[in-house]
Amino acid sequence: MSHYHLVCLVCGREFAPKDVEYVCPDHGDEGVLDVVYDYEALAGEIELQDLDMGSMWSYRPLLPVPSEAATPPLKVGATPLYESPLLARRSGVRRLWVKDEGVQPTGSLKDRASAMALVKADELGSAVVTTASTGNAAAALAGLAASVGRETVIFVPAAAPEAKIAQLLAYGSTVLLVDGAYNDAIELCLRAGERFGWYNRTTGFNPYMSEGKKTVAYEVAHQLSWEAPDVVVVSVGDGCILGSLWKGFHDLIELGAVDSMPRLIGVQAEGSAYLADAWASGEDVLTKAPIRPDTVADSISAALPRDRLKAMRAVKESHGAFVTVTDEEILAAIPVLARTTGVFAEPAAAAAWAGFEGAVQSGLATAKDRVVVLSTGSGLKDVPAALKAVSLAGLEPRHVSSDPATLEETLEEFDR
Ligand SMILES: *Cc1c(COP(=O)(O)O)cnc(C)c1O
Ligand SMILES: [Zn+2]
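Residues numbered from 1 in each chain as written. Chains lettered and ligands numbered in written order. Predicted model: local features only at pLDDT ≥ 70, side-chain atom pairs only at ≥ 80, totals over all residues. Heavy atoms only, no water.

Colleague: Provide a residue-level description of the coordination of the zinc ion (ligand 2), including the pertinent values.
Modeller: Within the protein, C8 (SG), C11 (SG), C24 (SG) and H27 (ND1) serve as the donor atoms for the zinc ion (ligand 2), at 2.2 to 2.4 Å. Taken together, the four donor atoms coordinating the zinc ion (ligand 2) and their angles of 102 to 117 degrees define a geometry best described as tetrahedral. Mapping the donors of the zinc ion (ligand 2) onto the primary sequence gives the spacing C-x2-C-x12-C-x2-H. On the criterion of sequence distance, the pair formed by C8 in strand β1 (residues 4–8) and H27 in the loop between β2 (14–15) and β3 (33–37) is long-range, its members being 19 residues apart. (Donors = N, O, S within 2.8 Å, 3.2 Å for Na, K, Ca; no water. Tetrahedral: all angles 85-135°; square planar, octahedral: opposite > 155°, others 65-115°. Helix = DSSP H or I, 4+ residues; strand = E, 2+ residues; numbered from the N terminus.)

Next comes the structure, spelled out in C-alpha cells:
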C-alpha cells in the first residue's frame, strides 16, 4: 500500500499510483492529477521539528517515493534564504527574504522536479527520460540524468537561451530544437514519449513534478522556524512552482507544522499573462484560448500554462493575487536584486522582485508583512539579457589603456 493516491483536478476521480501514470484518462492532457497523502497517518510518523535540512530528500516521508529508493547524487535543495533589510526597507514591509534557487546544481529551481522524475523513472525501469521545456527544466533533467547515467531526449524551442542549450549538450542529452514555441515542443514531446515509452517529465503532465517543487515551501517554513511567511512571491509561466508552493504549505498545515497559508503572489510578464488575465477577468482556464507570448523572460513564456488549474487554485485559496510586469521592469530588477542582496537572477527570476514592487503599490503587501521572494534561476543562464539589463540601467564598464607610458594618467582617472 502506498501512502498517497492521485486525484483528477477536473473530475475528482481517484487513482492508486499503479493505475495511472500521468493524467486522468477521462480528461486527457487537461486532466492534471494532484498527489494526496493520508495526513493523519503521516502526522504520527514524522517529527518535522527534528529534521535537518540536508537536501530536498530530507522530507522524504512527505514525498511520493519509497523510503528505500535511491536518489541522484547531485545535491538538490537546501538552498539559502537570505534576509534583506535593504529590500524590506525599500518596499516598506516588516521583513523580507530572498530564497536563492540559482545555486541549485544546474542553476534553477527545476532541479527539484527533475530529481523527482529520475527517481520515478527508476521505479518504472524506464531507460530514457524525456521532457519539453523552455530550457531550465530540460537542463535540470539533463544534469540529474547525467548524474545517474540515464539517457535523455529533450525538446526545446529553437529560441531557448544559448547557455541552457549548452548545458543540455554538455550533459549528453539528445537535443531536439523545435522549430516553434514551447507549446509546440510540448505536443511533440508528449506524442514521442507515448510512442517510444520514454518516461515523461513534462510539467503539468507529470503529476509528481509539483511534489518535487513543493519542497521549496517546506524549506522556507523550516528556515523560518516553522512559521509561515505572510506573503510568498514567485514568477509564473506554466504555474507549476506557484501550485507547488500552495501544495507544500497545504501539506504543512494539514500536518500541523505551520499555522497559516501565506498569500501567494504570482508574477507574470505582461507579454505572457494568460493566468493574470484569467484572474482579472474571471475566465475559466479550461476554456480560455492560448495566447501569443512575447517576453524577454523565456522561462515564464507560455501560450497555455500547463499547470493552470493548480496555479489558479493556489492564488484563490491562499487569498493571493496575480500581477504583471513589463520587460523593462524585469530587466531593471536584475541589477537591483544583484546590488542589494548579491543574488544574480535570470530575467524570469528577477521578475518576482519586479512584481513585488508593483504589488506593494497596489496594497497587496503592507508594513505588517513578512515576505519571501523566490529567485528561481541564476543570472548566468542568460548573459545577453543580463548585459541588456545593465546597459539599460546605465551601467557600463570603463575602458582603460594598458600603456605604461600613460600609467600615471590612467591611475589618476581612478581617483574619484
Ligand atoms: C520554470 C521557471 C519559472 C516558472 O515556473 P512555472 O512552474 O513554469 O510557472 C520561473 N523562473 C524560472 C527561472 C524558471 O525556470
Ligand atoms: Zn478526470
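Colleague: Would you mind going over the packing of aromatic side chains in detail, with residue names and values included?
Modeller: In total, this model carries nine aromatic pairs according to the counting rule given. Ring centres of Y22 and Y199 lie 5.8 Å apart, and the angle between their planes is 40 degrees; this geometry places the pair in the tilted category. Placement of the pair is Y22 in the loop between β2 and β3 and Y199 in strand β9 (residues 199–200), with a sequence separation of 177 residues. Their ring planes at 70 degrees and their centres at 6.0 Å tell us that W279 and F322 sit as a pair that is edge-to-face. With W279 in helix α10 (residues 274–281) and F322 in strand β12 (residues 321–325), this pair connects stretches of sequence that are 43 residues apart. Owing to a relative accessible area of 8%, F322 belongs among the buried residues under this scheme. Ring-pair connections join several aromatic residues into one group, and the members of that group are Y4, Y37, Y39 and Y208. Across the ring face of Y208, the terminal group of K120 is positioned such that the distance to the ring centre comes to 4.1 Å. The lysine or arginine in question, K288, covers the ring of Y274, its NZ or CZ lying 5.0 Å from the ring centre. (Phe/Tyr/Trp six-rings, centres within 6.5 Å; stacked < 30°, edge-to-face > 60°. Buried < 20%, exposed > 50% of the residue type's maximum accessible area, 1.4 Å probe, protein only. Lys NZ or Arg CZ within 6 Å of the ring centre and 35° of its normal.)

Colleague: Report on the domain arrangement of the protein, specifying residues and quantitative values.
Modeller: A common measure of how large an interface is: the accessible area buried when the components associate. Entries for the protein in the domain assignment read domain 1 (1–37) and domain 2 (81–105 + 209–392). Here the C-alpha centre of domain 2 lies 27 Å away from the C-alpha centre of domain 1. At the junction of the two partners, domain 1 supplies nine residues and domain 2 supplies 11 residues. Viewed at the interface, domain 2 and domain 1 are joined by two salt bridges. One can count seven residue pairs in polar contact (both at pLDDT 80 or more) joining domain 1 with domain 2. Partitioning the side of domain 1 that touches domain 2 into residue classes produces six nonpolar, no polar and three charged. (Domains from an automatic or database assignment. Contact = heavy atoms within 4.5 Å. Salt bridge = Lys/Arg side-chain N within 4 Å of Asp/Glu carboxyl O. Polar contact = N/O pair within 3.5 Å; in protein donor to acceptor, adjacent residues only side chain to side chain. Nonpolar A, V, L, I, M, F, W, Y, C, P; charged D, E, K, R; others polar.)

Colleague: Tell me what's going on with the side chain of D34, and back it up with residues and numbers.
Modeller: Topologically, D34 is positioned in strand β3. Residue classification places D34 among the buried positions, given a relative accessible area of 9%. In terms of polar contacts, D34 uses its side chain to reach the side chain of R313, at 2.6 Å. Setting aside its immediate chain neighbours within four residues, D34 contacts H5, L6, V7, L9, K247, K310 and R313.

Colleague: Could you give me a rundown of the state of the cysteines, with the residues and numbers involved?
Modeller: Under the defined criterion, the tally for this structure stands at zero disulfides. Lacking any disulfide linkage, C240 is separated from the closest cysteine sulfur, that of C189, by 15 Å. (Disulfide = S-S within 2.5 Å.)

Colleague: Account for the pairing of strand β13 (residues 370–375), with residues named and values stated.
Modeller: When a strand is regular, its side chains alternate between the sheet's two faces. With six of six residues buried, β13 is to be regarded as a mostly interior element. Residues R370, V372 and L374 point to one face of β13 and V371, V373 and S375 to the other, with burial holding for every one of them. Bridge analysis of strand β5 (residues 95–100) against β13 gives six bridges, and the strand direction is parallel. Each bridged residue has a counterpart across the sheet, and for D100 the counterpart in β13 is S375. Across three bridges, the pairing between strand β10 (residues 231–235) and β13 is parallel. If you follow V233 over to β13, its bridge partner there is V373. (Pairing = 2+ DSSP bridges.)

Colleague: How would you explain the side chain of T202 if you had to name every residue and give the values?
Modeller: Mapped onto the fold, T202 is located in the loop between β9 and α7 (209–213). Among the polar contacts listed, one links the side chain of T202 to the backbone nitrogen of A132, at a separation of 3.2 Å. Side chain to side chain, T202 and N200 meet in a polar contact 2.7 Å long.

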